[in-house]
Amino acid sequence: MPDDSLSQTYSSETMRLLHNRVSVRKYTDQPVTNEAIEAVLRAAFRAPTSSNIQAYTVVVVRNPETLAKLAVVTGNQRHVAVAPVFLAFCADMTRIEHAMKKRGHSLDDNNLEVGLVSSVDAALVGMAASLAAESIGLQGLMIGAVRNNVLATAEILGLPKRVYCLFGMCLGWPAEHPTQKPRIDIGATVHYERYDQAAAVAALDAYDAALAAHYEATGRPTTPDSWTHDMDKKFHARLRDKLREQLSTQGFDFR
Ligand SMILES: Cc1cc2nc3c(=O)[nH]c(=O)nc-3n(C[C@H](O)[C@H](O)[C@H](O)COP(=O)(O)O)c2cc1C
C-alpha cells in the first residue's frame, strides 16, 4: 500500500506527530516553563523500563553559563548555548546500587548488561519526552555530542559515579521549520520473518540520490553519494576512542 493511503487508513495524532517530526535548532525567546518540562517528563517516565529498574535521571539545565560549557563539550554547537532549556538524559545506577547496598551487596562487579539496560531505559525516556514535548508544540533535537567527553559532561552536570549522560536534548518553541530529511526506504529497514541481507543494502544508491537532492534543495553542500560519503567520513576513523575508559571511570563496565 502506498504511503498516503496507509496514513489515511491508520491515522492518529501520534502518527501525524511522528510523520511530521524533524530536528529543530532555532528557538523563539518565549520561555519554556518548568511546569511544561515537568508535564513532559511525567509523561515520558511512563515509558517502559526494563524489570522496572527506572535507571534514568534527567538534569534540566537553563543556566546560560552551564549551557555555554555544554556547548563547548559538544563541539561548539550554537543551539546548545542558546536553547531555552537543555535536558540531559542520563543512565543512572545509583538507586540500584543503593538497593543492593541495603541488602548487603555491591554493584562493583557490574557488567555490560547493567550498562546496556540503564542506557536503553534512558533512551526510551528521551524519545518519549521528545514526543510528549512535540505534542504540546515544543521542538528541539537530541545531542549525542555530550559523549565527546563523558567526564567533562559529568563534571558540568555534577553527575556522581554510576551516572552518565547518554544524550542531551535542546528544547524550545520553534523559530524554524526545516524540510524533513528523507529516510532510507522501508524495504531496506523492515524485513519479514528473517533478515534479508540483500534488501538491507539494495535501497542505498537510491537513498544517496534522494539525500543529495534534499541537501541541494536546502542549500547544504553534499556529494552525489551523499549518505555513503557522510557515513564513511563519520566512521572511518575510530570515534570517541576514550569512551570505554571514561564510562568505566563513571562506574559503567562496558568491556
Ligand atoms: C542520539 C542522537 C544524538 C544526536 N546528536 C546530535 C548532535 O549532537 N548535534 C546535532 O546537531 N544533531 C544531533 N542529532 C540529530 C540528528 O542529526 C538528526 O536526528 C538526524 O540527522 C536526522 O534528522 P531529523 O531528526 O531532522 O530527521 C542527534 C540525534 C540523535 C537521535
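Being a predicted model, the structure only gives us computed values, none of them experimental. Sequence order as written defines residue numbering, which begins from 1 separately in each chain. Given that the model is predicted, a residue must reach a pLDDT of at least 70 before its local features are reported, and side-chain atom pairs must reach 80 or more before they are shown or counted; all residues, however, enter totals for whole chains, interfaces and linings. Hydrogens and water molecules were not included; the side-chain quantities draw on all heavy atoms of the structure.

Visitor: How would you sum up the overall build of the chain? Please name residues and give values.
Guide: Helix and strand assignments come from DSSP, with helices taken as H or I runs of at least 4 residues and strands as E runs of at least 2, each series counted from the N terminus. Helices and strands together make up the secondary structure of the chain, namely 13 helices and four strands. Our radius of gyration is a C-alpha quantity, and the globule rule it is checked against amounts to 2.2 Å times the number of residues to the power 0.38. Expected size for 255 residues packed as a compact globule is a radius of gyration near 18 Å; at 20 Å, the chain falls within 12% of this value. Projected onto its principal axes, the C-alpha coordinates of the chain cover approximately 60 × 45 × 40 Å. When a residue's accessible area, from a 1.4 Å probe over protein chains only, is under 20% of the maximum for its type it is buried; when over 50% it is exposed; and in between it is partly exposed. A buried classification covers 37% of the 255 residues belonging to the chain. What makes two residues a contact is simply this: any of their non-hydrogen atoms within 4.5 Å. Residue pairs at least 24 apart in sequence account for 78% of intrachain contacts in the chain once pairs closer than 6 positions are excluded. Here, Shrake-Rupley sampling with a 1.4 Å probe gives the accessible areas, and only protein chains in the shown set may cover a residue. Surface summary for the chain: the accessible area is close to 15400 Å², and the carbon and sulfur share equals 54%. The sign given to each residue is positive for Lys and Arg and negative for Asp and Glu; His and the chain ends receive no count. Positions of charges follow a simple convention, taking NZ of Lys, CZ of Arg, CG of Asp or CD of Glu. Within the chain, one finds 27 positive and 28 negative side-chain charges whose respective centroids are separated by 7 Å.

Visitor: Account for the site of the ligand, naming residues and giving values.
Guide: Around the ligand, a shell composed of 13 residues is seen, among which Arg21, Ser23, Gln77, Gly144 and Lys181 lie nearest. Bound to the protein, the ligand loses 66% of the 620 Å² it would expose on its own. In this structure, the ligand is accommodated by the largest pocket. Looking at which element gives the most residues to the shell around the ligand, the answer is strand β3 (residues 139-143), with three residues. Ten residue types, Ala, Val, Leu, Ile, Met, Phe, Trp, Tyr, Cys and Pro, are classed as nonpolar, four, Asp, Glu, Lys and Arg, as charged, and the remainder, Gly among them, as polar. Among the residues making up the shell around the ligand, the classes are represented as five nonpolar, four polar and four charged. Any residue with a non-hydrogen atom lying within 4 Å of a molecule or strand is treated as near it. Put simply, the grid is 1 Å and covers the protein atoms alone, a cavity is a trapped set of points that fit a 1.4 Å probe, a pocket is an open set with protein on both sides within 12 Å along at least five of seven lines, and lining residues have an atom within 4 Å of a point. Grid points define the cavity or pocket, and a molecule sits in it when more than half of its atoms lie within 2 Å of them.

Visitor: Give me the lowdown on the domain arrangement of the chain, citing residues and values where you can.
Guide: We note that the domain assignment places domain 1 (20-178) and domain 2 (186-233) within the chain. Start and end points for every domain follow an automatic or database-based domain assignment. Taking the mean C-alpha position of each, domain 1 and domain 2 sit 29 Å from one another.

Visitor: I'd like a rundown of the layout of surface pockets, residues and numbers included.
Guide: Of the volumes computed, that of the largest pocket is approximately 1800 Å³. Along its surface, the largest pocket is lined by 46 residues, and Arg21, Gln180, Lys181, Pro182 and Arg183 are the ones closest to its centre. Counting only elements with at least two residues in the lining of the largest pocket, the list comes to α1 (3-9), α2 (13-20), α7 (112-135), β3, β4 (163-172), α9 (186-189), α11 (204-217) and α12 (226-235). Counting residues per element, the lining of the largest pocket draws most heavily on α12, which supplies six residues. Partitioning the lining of the largest pocket into residue classes produces 22 nonpolar, 11 polar and 13 charged. If you count residues domain by domain, the lining of the largest pocket takes at least three from each of domain 1 (20-178) and domain 2 (186-233). Grid points are joined across faces, edges and corners, and a volume is the space filled by probe spheres set on the points.

Visitor: An account of the packing of aromatic side chains is requested, with residue identities and associated values reported.
Guide: What counts as a ring pair is set by centres within 6.5 Å for rings of Phe, Tyr and Trp (its six-membered ring), and what kind of pair is set by the plane angle: stacked under 30 degrees, edge-to-face over 60, tilted for all other angles. Evaluated as defined, the whole model comprises six aromatic pairs. With a centroid separation of 6.3 Å and 85 degrees between ring planes, the pair formed by Tyr164 and Phe254 is classed as edge-to-face. Of this pair, Tyr164 sits in strand β4 while Phe254 sits in the segment after α13 (243-249); the two residues are 90 residues apart in sequence, bridging distant segments of the chain. In this pair, the class of Tyr164 matches that of Phe254, namely buried. Look at Phe252 and Phe254: their rings are 6.4 Å apart centre to centre, the planes differ by 10 degrees, and that puts the pair in the stacked class. Like Phe252, the residue Phe254 is buried in the burial classification. Three or more aromatic residues joined by ring pairs form one cluster here, namely Tyr164, Phe252 and Phe254.

Visitor: Help me get a handle on the nonpolar core, residues and values and all.
Guide: Among soluble globular proteins, nonpolar side chains are generally buried collectively. In terms of nonpolar packing, the biggest core is built from 32 residues, with Leu87, Phe89, Tyr164 and Leu171 touching the most fellow members. Put simply, the parts of the chain that give this core at least two residues each are α3 (34-44), β1 (56-61), β2 (85-92), α7 and β4. Ranked by residues supplied to this core, first place goes to α7 with six residues. Throughout, nonpolar core names a set of buried Ala, Val, Leu, Ile, Met, Phe, Trp, Tyr and Cys residues whose side chains join them through atoms within 4.5 Å. Counting residues in hydrophobic clusters, the runner-up holds 22 residues, among them Leu67, Ala83, Ile143 and Ala154.

Visitor: Mind laying out the pattern of salt bridges, listing which residues take part and the relevant values?
Guide: When a carboxyl oxygen of Asp or Glu lies within 4 Å of a side-chain nitrogen of Lys or Arg, that pair is called a salt bridge. One pass over the structure, following the stated rule, counts seven salt bridges. For Arg95, the salt bridge identified is with Asp92, shortest N-O distance 3.8 Å. By relative accessible area, which is 6% here, Asp92 ends up buried. Between Asp253 and Arg255 there is a salt bridge, with its nearest N and O atoms 2.7 Å apart. Bridged by salt links that share partners, the residues Glu97, Asp108 and Arg162 form one connected network.

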